[in-house]
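Topology and contacts: notes
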Amino acid sequence: MKLSIVTKTFRIHDNPFLDSDIYIIYIDKNEYGVNQKIFLDQVLKLHIQELSSYQIEPIILTNLKKLSTFIKGKDIDIFIDFYDPLTKISFSNFNYIPTWCLIDWTDKVDMIREWFLPEGLKNHEKFKEYTNANKRNEYKTKIKKTIPIKELKSTYKFSTKLSIVPLPENNLDQWIQNKLHEKRFMNDPKWFKPDTSPTTSLTNNSDYLPDILKTSKLSPYFSLGILSSVTAYNFFADLKKMGSARDQLFFRELFHACGQMPEYWNQSKFGKIYHWKEKNINDWNNYINGTTGREDVDWAMKQLKNEGWIHHLARHLVADYLTRGVLEISWIDGMNWFKETLVDHDKYVNRGNWMWLSGTAFSTKQRSFYHYNPDNYLKNKDKKLKVKKK
């Protein structure tokens, strides 16, 4: 008997668990902030509806205690989509099937190691295992009807709130694949992520922008596994240059690969140690509420609070401002605030990016005291790009 436990594989495509006799969806509420939790609820409803059409009846659990009791003494093969050094599971025999992308970096692996990895990871025994020559294909699984389990009942309670993230009324899996193909403009060799419009949002219409200024806005769907990173990687497979859509996926998956190593989660063993200032409550409240008096920082933080999403360059700006740029507050505080507010929160990516922008790890540019102007970086860049691309 095959029992699968999934946490963020909310899709039909590239899903290795659809041949399970028992299909568990495990929701750890501690993993989600306010905005992402609302988004998750809507996604779950759509995904359950779609699974039911294949005669897969998932059981949604918010803890694994009863499941552990149910499994004990039974001949069950357990498969999970979540595992890292922080994972605590009461049963020890399970098969981990990663649904992030084990990318083949053979043409860039040495450069990535030397340019971006902190000393704690450069020669890590697991580095090659999780990065070099491990690109996987999309999972093709025969779909199987689940069997009813009287001992296990869903314990999840749904919210009635609506997320601002666009979603269809039904057929989520086909819809998101169509959404990916709408991003064909990112296959243009001239498309370069740092040149996308930094003042965009999830809710504004970007159709008026030239294609090479648009951004995908797909991050919320990657974060919950609604869209497979492997499927997207294959869609952008012909793009080789740094800054392309394909290469942006490298960094997402780099952080997931690093997350398999214990050092990534240990501040004392990873990256550079800074002596951050004690958090001043007034400075902190002004920062999270967008009332610092610094125009671009305030604009970005208000959008983050209201929408749960800001462009990657806006994230760079506010992270730099909080840490080495101005306030000298620890990146840990910023990381936790992003977790609470982001609709596309991913603990591996969030941690990696905050270490990057604070100069703690990964980026030599940030360590060399590169900073963003908190008053006009975003708007000036946006203006220059739009003039340049006319």
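Starting afresh in each chain, residues are numbered from 1 along the sequence in its written order. The model is predicted, so local features are restricted to residues of pLDDT at least 70 and side-chain atom pairs to those at 80 or more, both for listing and for counting; the totals for chains, interfaces and linings are taken over all residues. Side-chain numbers here rest on the full set of heavy atoms in the structure, without hydrogens or water.

1. Things to note about the confidence of the model for the protein chain
You can read pLDDT as the predictor saying how much it trusts each residue, on a scale of 0 to 100. Across the protein chain, the average pLDDT comes to 87, with 87% of residues at 70 or higher. Going along the chain from the N terminus, every DSSP run of H or I of four or more residues is numbered as a helix, and every run of E of two or more is numbered as a strand. Per-element confidence in the protein chain is highest for helix 10 (residues 281-289), whose mean pLDDT is 98, and lowest for helix 15 (residues 364-367), whose mean pLDDT is 61.

2. Side note on the pattern of salt bridges
We count a salt bridge whenever a side-chain nitrogen from Lys or Arg sits within 4 Å of a carboxyl oxygen from Asp or Glu. One pass over the full model with this rule turns up 15 salt bridges. The partner of Lys-2 in a salt bridge is Asp-19, and the shortest N-O contact between them spans 2.5 Å. Of this pair, Lys-2 sits in strand 1 (residues 2-6) while Asp-19 sits in the loop between strand 1 and strand 2 (22-26); the two residues are 17 residues apart in sequence, bridging distant segments of the chain. Lys-2 sits in the buried class, given a relative accessible area of 14%. Between Asp-346 and Arg-252 there is a salt bridge, with the nearest N and O atoms lying 3.5 Å from each other. Of this pair, Asp-346 sits in the loop between helix 13 (331-341) and helix 14 (347-357) while Arg-252 sits in helix 9 (residues 245-258), and the two are 94 residues apart along the sequence. Burial classes follow relative accessibility: with a 1.4 Å probe on protein chains only, a residue under 20% of its type's maximum area counts as buried, one over 50% as exposed, and anything between as partly exposed. Classification of Arg-252 by relative accessible area gives buried; the value is 15%. Where salt bridges share partners, they join Lys-8, Glu-31, Asp-84 and Lys-347 into one cluster.

3. A few points about the packing of aromatic side chains
By convention, a stacked pair of Phe, Tyr or Trp rings (six-membered ring in the case of Trp) has centres within 6.5 Å and planes under 30 degrees apart, an edge-to-face pair has planes over 60 apart, and any other such pair is tilted. Scanning the model with the defined rule gives 18 aromatic pairs in all. Aromatic side chains Tyr-26 and Phe-82 sit 6.0 Å apart centroid to centroid with 45° between the ring planes, which places their arrangement in the tilted category. Of this pair, Tyr-26 sits in strand 2 while Phe-82 sits in the loop between strand 4 (77-80) and strand 5 (95-96); the two residues are 56 residues apart in sequence, bridging distant segments of the chain. The same class applies to Tyr-26 and to Phe-82, which are both buried. Centroid distance Phe-235 to Phe-236: 4.9 Å. Interplanar angle 70°. Geometry classified as edge-to-face. Take Phe-235 and Phe-236: they sit in the same class, and that class is buried. An aromatic cluster of three or more residues is present, and its members are Tyr-83, Phe-91, Phe-94 and Tyr-96. Note on geometry: a ring has a charge over it if NZ (lysine) or CZ (arginine) is within 6 Å of the ring centre and within 35 degrees of the ring normal. The positively charged end of Lys-74 is found above the aromatic ring belonging to Phe-70, 4.5 Å away from the centroid. In this structure, Lys-214 is placed above the aromatic ring of Phe-185, and the distance from its NZ or CZ to the ring centre is 5.7 Å.

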